[in-house]
Amino acid sequence: MGITRREMLKLTAATAAATALPLSLPRPRTVIAGAESSGSPTATRIAKTACIICGQKCPLEIHVAKVGGKEIVSKVVYSRDPEYDQFFGICGRPQTIPELRFLPERIRKPLLRVGERGEGKFKEISWEEALNILAERIKKYMDEPWRIVAVSHQGFEGGLVRKFFKKVIGTPNTTKHCDTCHTGMDIGHKFIFGSPKGPSAFQPDYANADLVVLMGRNPAGGIVASAWSKIFTEGRANKMKLVVFDVRESRLTELSDKYYIIPPGTDLAIALALLNVILNERLYNVDYLINWTNASMLLYVDTLEPVKLEDNPYMEKKKTYLVYDGYDQRFKLKTEAKKPALEFEGEYNGRSVKTVLLVLKDAVKEYTPEWAERITGIPAGEIRWLAHEMARAAPRAFIDHNYKATRYYNEGMFSRAKMLVNVLLGSVGVKGGLAYPAGKPKLKSPISILGIETTK
Ligand code: SF4
């Protein structure tokens, strides 16, 4: 290696303070300009490109310096360009690139496990040795290829690895980018909407919202940070309030009106407790639930299956279901009922039946704010306060649907619980809520200039 980590740190020290600033937010231009103009002591050229660490593809300047006769990346900063002025800056991720190269934890060679699984004992081996071991293992399982799990990420190489194991070896067990990103959320949403819904399925309407709750994500810290900054600025201009749950104090908590620090992975407990309060105190939006959801559908209590209506042509086409009409106290098809009951339980053809809403209420019965307080440390009174505030502001109040959802094992359920809060409040698909993507602002990315252009 041409230079040491110590030399590298010295080289970047002059600009460290500026580049460490999270520039993902609409900061005063002078701060960004300071980061750009301070330069690097030995920078020889600046290459313009786009960051591809997340989907936003922010404009970057890569400062290249010559050290010990070798070209190295000395600094990565936001590239201000009038053509891409919707970008407010860059987040901390690409700014760490110059240092990553020198981190002692960086894996430079293949590692072979030498201890028990989970023991954390590995030894470095050569690439040739690694490929030979891999070939042996693949041969061993060629008759049962599904026993091979191929883990890869995105990009050209990741795609090749996945295709090779899928098409050539024949295992269905491969991973791709989404599996370490938003798949948990997509699946959580499938239980609510009937099909997986990814991050771009909804556009949080901050501009018309009164109250937004952010849990499980810090958009001020990374991942589509400029797009979030844009909608956040619009929301703030219209007096939107922001409540944040985070695992640490951050730029996001700084921007919030109120924030709570919770242990990692406990967001689900907060979402479940919100559901508990909304259902027990009947804070939900009755008209929305009747008109846009199946909350009034009757289920058998013993199997939780929809009540069967034999030989019913509507049911066959899945166009309707049985409800209890509160208007004349009779069982009817949903399409014929004037006032479908949301909270009904009784007997139908000798079997106990209940509405979907009551089944949901039963499911979250034990998740009281006091239960959540024991897990998260957030006082039960604060959780109740938030449920009441959201209900008061609804439908212009929602929990942002998030982006990544695979950092913790329970994030599929977390996404599901969060979205249920929004549905109960009638905040999905409405102005000021979690709107459908129509009109989603698109940022013009400099990705087209990825073929690096030297400007200095
Ligand atoms: S928001 Fe995404 S594209 Fe922009 S700098 Fe951060 S990781 Fe890169």
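Everything that follows concerns the structure shown earlier in this document.
First, a word on scope: everything that follows refers to the structure included in this document. (Residues numbered from 1 in each chain as written. Predicted model: local features only at pLDDT ≥ 70, side-chain atom pairs only at ≥ 80, totals over all residues. Heavy atoms only, no water.)

**Some remarks on the nonpolar core**
Within the largest apolar cluster, 64 residues are counted, with the highest numbers of intra-cluster contacts made by Tyr 206, Trp 228, Leu 242, Phe 245, Leu 289, Met 390 and Leu 424. Ranked by the residues each element gives to this core, the list is headed by helix H10 (residues 267-280), at 11 residues. (Core = buried A, V, L, I, M, F, W, Y, C linked by side-chain atoms within 4.5 Å. Buried < 20%, exposed > 50% of the residue type's maximum accessible area, 1.4 Å probe, protein only. Helix = DSSP H or I, 4+ residues; strand = E, 2+ residues; numbered from the N terminus.)

**Re the layout of surface pockets**
In this structure, the largest pocket encloses a volume near 1,400 Å³. At the level of elements, helix H7 (183-193), H10, helix H11 (286-292), helix H13 (356-363) and helix H16 (411-424) are the ones that each hand at least two residues to the lining of the largest pocket. Element by element, the count of residues in the lining of the largest pocket is highest for H16, at 6 residues. Broken down by class, the residue content of the lining of the largest pocket amounts to 33 nonpolar, 5 polar and 6 charged. Roughly 1,000 Å³ of volume is contained in the second largest pocket. With 8 residues, the single largest contributor to the lining of the second largest pocket is helix H5 (residues 127-140). For the lining of the second largest pocket, a count of residues per class yields 18 nonpolar, no polar and 5 charged. (1 Å grid on protein atoms, 1.4 Å probe; cavity = no way out; pocket = protein on both sides within 12 Å on 5 of 7 lines; lining within 4 Å. Points joined across faces, edges and corners; volume = space filled by probe spheres on them. Nonpolar A, V, L, I, M, F, W, Y, C, P; charged D, E, K, R; others polar.)

**Looking at the site of the ligand**
Every residue lining the ligand is accounted for by Cys 51, Ile 53, Cys 54, Lys 57, Cys 58, Ile 90, Cys 91, Arg 93, Pro 94, Ile 223, Val 224 and Ala 225. Here the ligand occupies the largest cavity. When grouped by side-chain class, the residues that make up the shell around the ligand number 10 nonpolar, no polar and 2 charged. Residue assignment places the shell around the ligand across two domains, with domain 1 (5-106) and domain 3 (186-281 + 364-435) each supplying three or more. (Near = heavy atom within 4 Å. Sits in = over half its atoms within 2 Å of the grid points. Domains from an automatic or database assignment.)

**Overview of empty space enclosed by the protein**
Counted by the stated rule, this structure contains 1 cavity of 30 Å³ or more. Computed from the structure, the largest cavity encloses a volume of approximately 90 Å³. For the largest cavity, the lining is made up of 13 residues, of which Cys 51, Cys 54, Cys 58, Cys 91 and Ile 223 are closest to its centre. Its residues assigned to classes, the lining of the largest cavity shows 10 nonpolar, 2 polar and 1 charged. A domain split of the lining of the largest cavity shows at least three residues from each of domain 1 (5-106) and domain 3 (186-281 + 364-435).

**Looking at the sheet that holds strand S10 (residues 298-300)**
Within the open sheet, the 3 strands sit side by side as S10-S14-S13. Their pairing is antiparallel. Here the strands that pair on one side only, and so sit at the sheet edges, are S10 and strand S13 (345-348). On average, each strand axis in the sheet is tilted by 40 degrees relative to the strand beside it, whichever way the strands run. Of the strand pairs in this sheet, S13 and strand S14 (residues 351-355) are connected by 4 bridges, and their pairing is antiparallel. In the strand pairing of S14, Glu 345 is matched with Lys 354. Running over the sheet, H13 touches S10, S13 and S14 and is turned about 85 degrees from S14. (Pairing = 2+ DSSP bridges. Axes fitted to C-alpha atoms, helices over the stretch in contact; angles between N-to-C directions. Contact = heavy atoms within 4.5 Å.)

**Some remarks on a positive patch on the surface**
A contiguous patch of positive charge, built from Arg 113, Arg 117, Arg 137 and Lys 140, is present on the exposed surface. Counting through the fold element by element, Arg 117 comes out in the loop between strand S4 (111-113) and strand S5 (122-124). Owing to a relative accessible area of 73%, Arg 117 belongs among the exposed residues under this scheme. (Patch = residues over 30% accessible without salt bridge, like charges linked within 9 Å, V, L, I, M, F, W, Y side chains within 5 Å. Areas by Shrake-Rupley, 256 points an atom, 1.4 Å probe, with all protein chains shown as cover. Salt bridge = Lys/Arg side-chain N within 4 Å of Asp/Glu carboxyl O. Lys, Arg positive; Asp, Glu negative; His and termini not counted. Charge placed at Lys NZ, Arg CZ, Asp CG, Glu CD.)

**Concerning a nonpolar patch on the surface**
A contiguous nonpolar patch, built from Ile 53, Ile 97 and Leu 100 and spanning about 220 Å² of accessible area, is present on the exposed surface. Position of Ile 53 among the secondary structure elements: in the loop between strand S1 (43-50) and strand S2 (59-67).

**Notes on the pattern of salt bridges**
Applying the stated criterion to the full structure yields 18 salt bridges. Between Lys 230 and Glu 234 there is a salt bridge whose closest N-O contact spans 3.9 Å. Linking Lys 230 with Glu 234, this pair stays in helix H8 (residues 225-237), spanning 4 residues, or about one helical turn. Within the structure, one salt-bridge network assembled from shared partners comprises Arg 282, Glu 343 and Lys 361.

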